[in-house]
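Notes for the structure review
Single-letter residue listing:
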Amino acid sequence: QVRLVESGGGLVQPGGSLRLSCTASGIIFSDYVMQWYRQAPGKERDLVASITSSGTTNYADSMKDRFTISRDNAKNTVYLQMNSLKPEDTAVYYCNAKYVKYGLSLATYWGQGTQVTVSS
């Protein structure tokens, strides 16, 4: 059974920082592209950042200077360090694991999400 468990969300003041973690089980973690998405109320779920098994990263334009994605394959964990948080970063943040081979997404799994609220 595949499980992705996020943690680290919470309430933070504007300008503050949070580090999200997502620990996976039931998959060969190092084979998967790991991604963070977010979904604000009434909006679609959007990609925040991704990291390949070899560590290549990609970010949404609005977040590349403030957020950092990283992974520890030995711990089956992906992280999202979020700095200089703004109220518009308020959303539920979801961890996603995607297995890609020959350019095709063959499997994808989601965590349950963790709430991040940026407010004074």
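Residues numbered from 1 in each chain as written. Predicted model: local features only at pLDDT ≥ 70, side-chain atom pairs only at ≥ 80, totals over all residues. Heavy atoms only, no water.

Moving on, we get to the overall build of the protein chain. Looking only at helices and strands, the protein chain features zero helices and eleven strands. Traced from its N-terminal end to its C-terminal end, the protein chain shows the element sequence β-β-β-β-β-β-β-β-β-β-β. What you see for the protein chain is a C-alpha radius of gyration of 14 Å, in line with the 14 Å of a compact globule of 120 residues. By principal-axis analysis of the C-alpha atoms, the protein chain measures approximately 45 × 30 × 25 Å. Evaluated residue by residue, the protein chain yields a buried proportion of 40% over its 120 residues. When contacts within the protein chain are restricted to residue pairs at least 6 apart in sequence, long-range pairs at least 24 apart make up 55% of them. When the accessible surface of the protein chain is split by element, carbon and sulfur atoms take 46% of a total near 6500 Å². Between the mean site of the 12 positive side-chain charges and the mean site of the 9 negative ones, the protein chain shows a separation of 4 Å. (Helix = DSSP H or I, 4+ residues; strand = E, 2+ residues; numbered from the N terminus. Rg over C-alpha atoms; globule rule 2.2 N^0.38 Å. Buried < 20%, exposed > 50% of the residue type's maximum accessible area, 1.4 Å probe, protein only. Contact = heavy atoms within 4.5 Å. Areas by Shrake-Rupley, 256 points an atom, 1.4 Å probe, with all protein chains shown as cover. Lys, Arg positive; Asp, Glu negative; His and termini not counted. Charge placed at Lys NZ, Arg CZ, Asp CG, Glu CD.)

To continue, consider the nonpolar core. Met34, Trp36, Val78, Leu80, Met82 and Tyr93 are the most contacted members of the largest nonpolar core, which has 30 residues in total. Within the residue set of this core, elements represented by two or more residues are strand E3 (18-25), strand E4 (33-39), strand E5 (45-51), strand E7 (67-72), strand E8 (77-82), strand E9 (91-101) and strand E11 (114-118). Apart from residues no more than four positions distant in its own chain, Met34 is found in contact with Leu4, Phe29, Ala49, Ser50, Ile51, Ile69, Arg71, Val78, Cys95, Asn96 and Ala97. (Core = buried A, V, L, I, M, F, W, Y, C linked by side-chain atoms within 4.5 Å.)

The subject of this paragraph is the side chain of Gln35. With respect to the helices and strands, Gln35 occurs in strand E4. Among residues more than four places away in sequence, those in contact with Gln35 are Leu47, Ala49, Ser50, Tyr94, Cys95, Asn96 and Lys98.

Assignment of secondary structure puts Ser21 in strand E3. Using a relative accessible area of 15% as the deciding quantity, one classes Ser21 as buried. Apart from residues lying up to four places away in sequence, Ser21 is in contact with Val5, Glu6, Ser7, Trp36, Thr77, Val78 and Tyr79.

Just geometry here; none of it tells us what the structure is for.
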